[in-house]
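# Secondary and tertiary structure notes
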Amino acid sequence: MRKPLIITLFLLLWTLPSVADLTIEINEGKDDPVPIAVVPFGWKAGVTLREDVASIVERDLHRSGLFEPLSRADMLSRPANANEVYSRDWKSLGVDYVVVGELSFGRDNNLVARYELLDVNTQRSILQGEESQSFDKVRFLAHTISDRIYEKLTNVRGAFRTQLLYVSAVREGDNRFRYRLLKSDIDGVGEEVLADSMEPILAPTWSPDGKNIAYVSFRTTRPAIYLHNLQTGQRKQLTNFRGLNGAPAFSPDGKQLAMVLSKDGSPDIYVMDLASQSLKKVTNHFAIDTEPAWAPDGKSIYFTSDRGGKPQIYRVELASGSVERVTFEGDYNARARILGDGLGLVMVHRVQGRFHIAVQDFKRNRVEILTSTDLDESPSVAPNGSMLLYSTTYNGKGVLAAVSVDGGVRYRLPSRFGDVREPAWSPFLYE
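What comes next is a walk through the structure.

Procedures and definitions
- Residues numbered from 1 in each chain as written.
- Predicted model: local features only at pLDDT ≥ 70, side-chain atom pairs only at ≥ 80, totals over all residues.
- Heavy atoms only, no water.
- Helix = DSSP H or I, 4+ residues; strand = E, 2+ residues; numbered from the N terminus.
- Rg over C-alpha atoms; globule rule 2.2 N^0.38 Å.
- Buried < 20%, exposed > 50% of the residue type's maximum accessible area, 1.4 Å probe, protein only.
- Contact = heavy atoms within 4.5 Å.
- Pairing = 2+ DSSP bridges.
- Axes fitted to C-alpha atoms, helices over the stretch in contact; angles between N-to-C directions.
- Polar contact = N/O pair within 3.5 Å; in protein donor to acceptor, adjacent residues only side chain to side chain.
- Parallel < 35°, antiparallel > 145°, perpendicular 65-115°, else oblique.
- Left-handed = near helix turned anticlockwise from the far one by under 90°.
- Nonpolar A, V, L, I, M, F, W, Y, C, P; charged D, E, K, R; others polar.

## A short note on the overall build of the protein chain
Within the protein chain, the regular secondary structure consists of four helices and 31 strands. For the protein chain, the C-alpha radius of gyration of 23 Å lies close to 22 Å, the compact-globule estimate for 431 residues. Seen along its three principal axes, the alpha-carbon backbone of the protein chain occupies a region of about 70 × 45 × 45 Å. The buried share of the protein chain, reckoned over its 431 residues, is 53%. Of the contacts made within the protein chain by residues no fewer than 6 positions apart, 45% connect residues no fewer than 24 positions apart.

## Some points on the sheet that holds strand E14 (residues 235-237)
Taken together, the four strands give an open sheet; going across it, the order is E11-E12-E13-E14, and neighbouring strands pair in antiparallel fashion. With partners counted over all chains shown, the strands left at the sheet margins are strand E11 (201-206) and E14, one partner each. Ignoring strand direction, the axes of neighbouring strands in this sheet form an average angle of 25°. Examined bridge by bridge, strand E13 (residues 224-229) and E14 share three bridges and lie antiparallel to one another. Bridge assignment links His228 to a residue of E14, and that residue is Arg235.

## Side note on helix H2 (residues 53-63)
Count 3.6 residues to each turn of an α-helix, and residues three or four apart come out pointing the same way. With nine of 11 residues buried, H2 is to be regarded as a mostly interior element. Regarding H2, the residues found buried are Val53, Ala54, Ser55, Ile56, Val57, Glu58, Asp60, Leu61 and Arg63. Its side-chain oxygen at 3.2 Å from the backbone nitrogen of Ala54, Asp52 defines the N-terminal cap of H2. After H2 finishes, the residue Gly65 shows a positive phi value of roughly 80°.

## Notes on the side chain of Ser184
Counting through the fold element by element, Ser184 comes out in strand E9 (residues 177-185). For Ser184, a relative accessible area of 1% translates into the label buried.

## Focus on the packing of H2 against helix H4 (residues 138-154)
Direction vectors running N to C along H2 and H4 enclose 45°, while the axes themselves pass 9 Å from each other. With respect to each other, H2 and H4 are oriented oblique. Regarding H2 and H4, the two cross each other, and that crossing is right-handed. Contacts between H2 and H4 involve Val53, Ile56, Val57, Arg59, Asp60 and Leu61 on the former and, on the latter, Val138, Arg139, Leu141, Ala142, His143, Ile145, Ser146, Ile149 and Tyr150. Taken together, the residues of the contact of H2 with H4 sort by class into 10 nonpolar, two polar and three charged.

Next comes the structure, spelled out in structure tokens:
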């Protein structure tokens, strides 16, 4: 059992070329999405943008699965402000909400967007806003508007301005691959290469403040953990022990990094103080202990272990060292990711030989399977707890996919050129 588990966790390879460039394919939304119209924004300055702000907002809301935008071709008019909106027209189209806006030049020639969200049924303006950004940050401005609208209508903070880490591989010759660690906006746009290597790159993860990432690289021919500052580009190697060095996970305060090391024999969970780089051994067992994930309060760590014969999820209290088993349903549960409210966890769960993403509710002690594809792995939860990303296969290719925590919304982010894996959803990066 131990050897296959190590191979699965640390030697993930791809066989298709890839240069990423993610696209969005929405394949399932809520049964009763809210009908909304996002009207093309008007221009006071008479300047044409390369990006359509209203279209970006529309796609953001649609991708959430909670909203069904009205096609522009079906709009009876294109108002730019609330005074031009006639509720009866939109009501006849079955629309509940209308978003209107105007774009103009602001200070220092910045782009300014003034927008309103109107409730068609009550004929009231329920949200007014103004956002300003430089012209090279049009998409950021649009995602900000999407966040404001989403939060107003759902009472949940929007996560459209978050970012995504993932890994791709490009074939270069027989059995040779170039691995890239990439960062993009959550909709796959704005891709940036953070690391480029002829050796595998695995397990990228974000610090809580979004300023640093950690990941595993085999660039020194054996796995090592690296800390990468996203603002300066500076990279620091944290480990170089014999055996396994993997599965980094930042503590909630960002001051510590949990990891898996086998330098003393069997793989165990360790915690590194990032300031001093001192190590503390957290588990000590002859079985494989791996895939640490911090509890929101930072007082315990969840991890995968085969100490019971097959992989299950356990929790260790850092103060006492006491360990308890958390998952019991099914013969395989791994890669825990704790929901932000601490009331449940997301995991890889095996059913009849197929690997799916599932959520375990701690209060109800119930497991719900969220995905129906095969070989689902590497779940990562959105900072608002509403969605999660994971990697899977589709049409014979490795792709990223997303599913809501209640299972009602699903979409894919396939690469146009090959396989992508190892998604990591960022924390909130902006107020």
